[in-house]
Amino acid sequence: MKMKAVLKSLFLSYGLTGILLLVLAFLLFRFDLGEGPFAAGILVIYVASCLGGGFLAGKTLRRKKYLWGMTVGICYYILLLTVSFAVSRGWDMSLLHGVTMFFLCLGGGALGGMLS
């Protein structure tokens, strides 16, 4: 039951990521935004996606909600790193960026779990 809830939450997170990335791409195309807003938008999308997944996990599991939200955030980060590593065939980000992304995903998931 718990694994199923985490997987559902991860599917929600990645679905939200896809939709929000499409919206960001449209905004980038339509308004010719620079690199700064694009990078900030990516970070907001990661946090919002983890928040949504953590919220669903907390609602589904009902006990220790923040821990299940954190679990979703960590799984999201691991899958994000794995896909990024496979596509670029190597580590293409700085250590600071990787650590920042980890804590943003972790915090987003935990916050989503707490808000559920």
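Our subject is the structure listed above.
Residues numbered from 1 in each chain as written. Predicted model: local features only at pLDDT ≥ 70, side-chain atom pairs only at ≥ 80, totals over all residues. Heavy atoms only, no water.

### Brief notes about the overall build of the chain
Item 1. For the chain, the helix and strand inventory stands at 4 helices and 0 strands.
Item 2. When the helices and strands of the chain are read in sequence order from the N terminus, they spell out α-α-α-α.
Item 3. Radius of gyration (C-alpha) of the chain: 14 Å, near the 13 Å computed for a compact globule of 116 residues.
Item 4. Dimensions along the principal axes, computed over C-alpha positions, put the chain at roughly 45 × 30 × 20 Å.
Item 5. Looking at the 116 residues of the chain, the share that counts as buried comes to 32%.
Item 6. A fraction of 77% describes how many contacts in the chain between residues 6 or more apart in sequence connect residues 24 or more apart.
Item 7. Counting every atom, the chain has about 7,400 Å² of accessible surface; 74% of that belongs to carbon and sulfur. (Helix = DSSP H or I, 4+ residues; strand = E, 2+ residues; numbered from the N terminus. Rg over C-alpha atoms; globule rule 2.2 N^0.38 Å. Buried < 20%, exposed > 50% of the residue type's maximum accessible area, 1.4 Å probe, protein only. Contact = heavy atoms within 4.5 Å. Areas by Shrake-Rupley, 256 points an atom, 1.4 Å probe, with all protein chains shown as cover.)

### Section: unusual backbone geometry
Item 1. Although it is not a glycine, R62 adopts a positive phi angle of roughly 65°.
Item 2. Secondary-structure assignment places R62 in the loop between α2 (35-61) and α3 (65-88).
Item 3. The exposed category is assigned to R62, whose relative accessible area is 65%.
Item 4. The backbone phi angle of K64 is positive, close to 50°, even though this residue is not glycine.
Item 5. Take K64: it is sitting in the loop between α2 and α3.

### Focus: the layout of surface pockets
Item 1. Taken as a whole, the largest pocket encloses approximately 190 Å³ of empty space.
Item 2. Looking at the lining of the largest pocket, the elements with two or more residues in it are α2, α3 and α4 (95-115).
Item 3. Tallied by class, residues from the lining of the largest pocket come to 11 nonpolar, 2 polar and no charged. (1 Å grid on protein atoms, 1.4 Å probe; cavity = no way out; pocket = protein on both sides within 12 Å on 5 of 7 lines; lining within 4 Å. Points joined across faces, edges and corners; volume = space filled by probe spheres on them. Nonpolar A, V, L, I, M, F, W, Y, C, P; charged D, E, K, R; others polar.)

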